[in-house]
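Chain by chain, the residues:
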Amino acid sequence: METVRATIEWTPEIDRFVLWAEDLVGSAFVPEPIGDDPLASLLLEVDEDERETGRVVGVEMAILEFDRWGDLPTLDRPWQLRGWEPLPLDALLKRVQRELRQRQRRLKAAQRGVSAPEG
Amino acid sequence: MLYPNARTRLGQTVADREQASFGGESPKERVERLLGEGTMPRRAVEQAERLWRERLQHGVEMPNGEIVRITRNDLYHAIIDPRIWRHPERIALAIAHVFEIRALKQGRRQALSRWNEGGQELLAVVILEGGPRLWSMHVINEKRVRRYNRAGGEVLWKQSERP
């Protein structure tokens, strides 16, 4: 099955995360809140007449606090970050969330002067 | 026990290592990459940067009197939609024409906006981070205004109806 080639944009100080479908750069889009949460949206492609095309341009969310996994729709195609295996959208986002939360914890520990383990 | 400046250096080192291993980009890094790949028009980005320097970096006032702060990274995040990169002034217009603000989680807020461009009505949803700082801004349609009305929390401010 064809995968969605994905990249990540993240602004850590305000927890603004976007998983972008790189092949749809340049497409206009509208946000569709995930489970009525305006802080998490699927970004749906629209054509020149503002009609939805059915393709997903990205997912924008405050990822560190996101927990409404049951509301995330199942998409047909797996998503793939460079160097990772293709994953269903929810599995990929959960893995990224885990890594980002760990990263934040390590950064806070480092700022407190506690050395993070090497390796 | 580490000296304070050693802590700073350690923090930066850890941050750099984490960023590299994770592969994520800041909005600025992403736009620079897309410009390099030719998938975003340089002229449009330069126009948006000029608007930011001249106007947006000083903040934009909402009708309730609050000034919304917009960092350069916030600009790069907003202009990914071509409807914004072709008209970056829409960032300021959306903020200046907010008509309702609702509460969200973690001190964030959702603002809905409506304005007129050459006889065409445009709608936008603006998400604000505490400060307030621009978290995101999207052009939407009436259907989505209704969706956001259902989704948002308590109404914090609403523009009075004109007689």
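Residues numbered from 1 in each chain as written. Chains lettered and ligands numbered in written order. Predicted model: local features only at pLDDT ≥ 70, side-chain atom pairs only at ≥ 80, totals over all residues. Heavy atoms only, no water.

(A) Geometry of the interface of chain B and chain A. On the side of chain A, 49 residues touch chain B, which itself brings 47 residues to the contact. Summing both sides of the interface, chain B and chain A together bury roughly 4,200 Å²; the carbon and sulfur share of this comes to 54%. Counting every contact that joins chain B to chain A gives 12 salt bridges. Counting across the chain B and chain A interface gives 25 residue pairs in polar contact (both at pLDDT 80 or more). Counting only elements with at least two residues in the side of chain B that touches chain A, the list comes to helix H1 (4-22), helix H2 (27-37), helix H4 (72-78), helix H5 (82-85), strand E5 (120-129), strand E6 (133-140) and helix H7 (142-151) of chain B. With nine residues, H1 of chain B is the single largest residue contributor to the side of chain B that touches chain A. Grouping the amino acids of the side of chain B that touches chain A by side-chain chemistry returns 19 nonpolar, 12 polar and 16 charged. (Contact = heavy atoms within 4.5 Å. Buried area = accessible area lost by both parts, 1.4 Å probe. Salt bridge = Lys/Arg side-chain N within 4 Å of Asp/Glu carboxyl O. Polar contact = N/O pair within 3.5 Å; in protein donor to acceptor, adjacent residues only side chain to side chain. Helix = DSSP H or I, 4+ residues; strand = E, 2+ residues; numbered from the N terminus. Nonpolar A, V, L, I, M, F, W, Y, C, P; charged D, E, K, R; others polar.)

(B) How the structure looks around the sheet that holds E6 of chain B. Residue and element names in this part refer to chain B. Strand order in the open sheet made by the five strands is E6-E5-E4-E3-E7, with antiparallel pairing throughout. The open sheet is flanked by E6 and strand E7 (155-158), the only strands paired with a single partner. Strand-to-strand, the axes of this sheet are offset by a mean angle of 20°, without reference to chain direction. Against the sheet, helix H6 (residues 89-96) makes contact with strand E3 (98-103), strand E4 (109-117), E5 and E6, and its axis sits at roughly 110° relative to E4, the strand it touches most. The strands touched by H7 are E3, E4, E5 and E6; relative to E4, the strand with the most contacts, the crossing angle is about 160°. (Pairing = 2+ DSSP bridges. Axes fitted to C-alpha atoms, helices over the stretch in contact; angles between N-to-C directions.)

(C) Spatial organisation of the packing of aromatic side chains. Here the structure, examined in full by the defined rule, presents two aromatic pairs over all chains. With a centroid separation of 4.9 Å and 90° between ring planes, the pair formed by phenylalanine 66 of chain A and tryptophan 69 of chain A is classed as edge-to-face. Tryptophan 69 of chain A matches phenylalanine 66 of chain A in its accessibility class, with the two residues each being buried. Between the NZ or CZ atom of arginine 95 of chain A and the centre of the ring of tryptophan 84 of chain A, over which it lies, the distance is 4.1 Å. Above the plane of the ring of phenylalanine 99 of chain B lies arginine 114 of chain B, whose end atom (NZ or CZ) is 4.9 Å from the centre. (Phe/Tyr/Trp six-rings, centres within 6.5 Å; stacked < 30°, edge-to-face > 60°. Buried < 20%, exposed > 50% of the residue type's maximum accessible area, 1.4 Å probe, protein only. Lys NZ or Arg CZ within 6 Å of the ring centre and 35° of its normal.)

(D) The arrangement of the pairing of strand E4 (residues 37-46) of chain A in detail. All names here are of chain A. Across the 10 residues that make up E4, a large majority, 10, are buried. Note: strand E3 (residues 28-34) against E4, seven bridges, orientation antiparallel. Looking across to E4, one finds that proline 33 is bridged to serine 41. Bridge count between E4 and strand E5 (residues 52-61): six bridges; the pairing is antiparallel. For leucine 42, the partnering residue across the bridge sits in E5 and is valine 59.

(E) Main features of the confidence of the model for chain B. Averaged over every residue, the pLDDT of chain B is 87; residues scoring 70 or more account for 84%. Of the regions scoring below 50 in pLDDT, residues 1-20 of chain B engages in 25 contacts with residues more than four places distant in sequence or in other chains. (pLDDT = per-residue confidence, 0-100.)

(F) Broad picture of the pairing of strand E2 (residues 16-21) of chain A. Residue and element names in this part refer to chain A. Where burial is concerned, most of E2 is hidden: six out of the six residues are buried. The sheet contact formed by strand E1 (residues 4-11) and E2 spans six bridges and is antiparallel. Looking at E2, one finds that glutamate 9 is bridged to valine 18. Counted along the chain from E1 to the antiparallel partner E2, the turn is four residues long, and its residue aspartate 15 has a positive phi close to 45°. Of the strand pairs in this sheet, E2 and E5 are connected by four bridges, and their pairing is antiparallel. Counterpart to leucine 19 in the pairing with E5 is valine 59.

(G) Representation of the confidence of the model for chain A. Per-residue pLDDT for chain A averages 92, and the proportion of residues at 70 or more is 95%. Mean pLDDT values over the elements of chain A span from 92, in helix H1 (residues 89-111) of chain A, up to 98, in E2 of chain A.

(H) Structural context of the side chain of glutamate 32 of chain A. In this structure, glutamate 32 of chain A sits in strand E3. Reaching out from glutamate 32 of chain A, the side chain makes a polar contact with the side chain of arginine 147 of chain B at a distance of 2.8 Å. Sequence-distant contacts of glutamate 32 of chain A, defined by excluding residues within four places in its chain, comprise Ala40, Ser41, Leu42 and Leu44 of chain A together with Arg144 and Arg147 of chain B.

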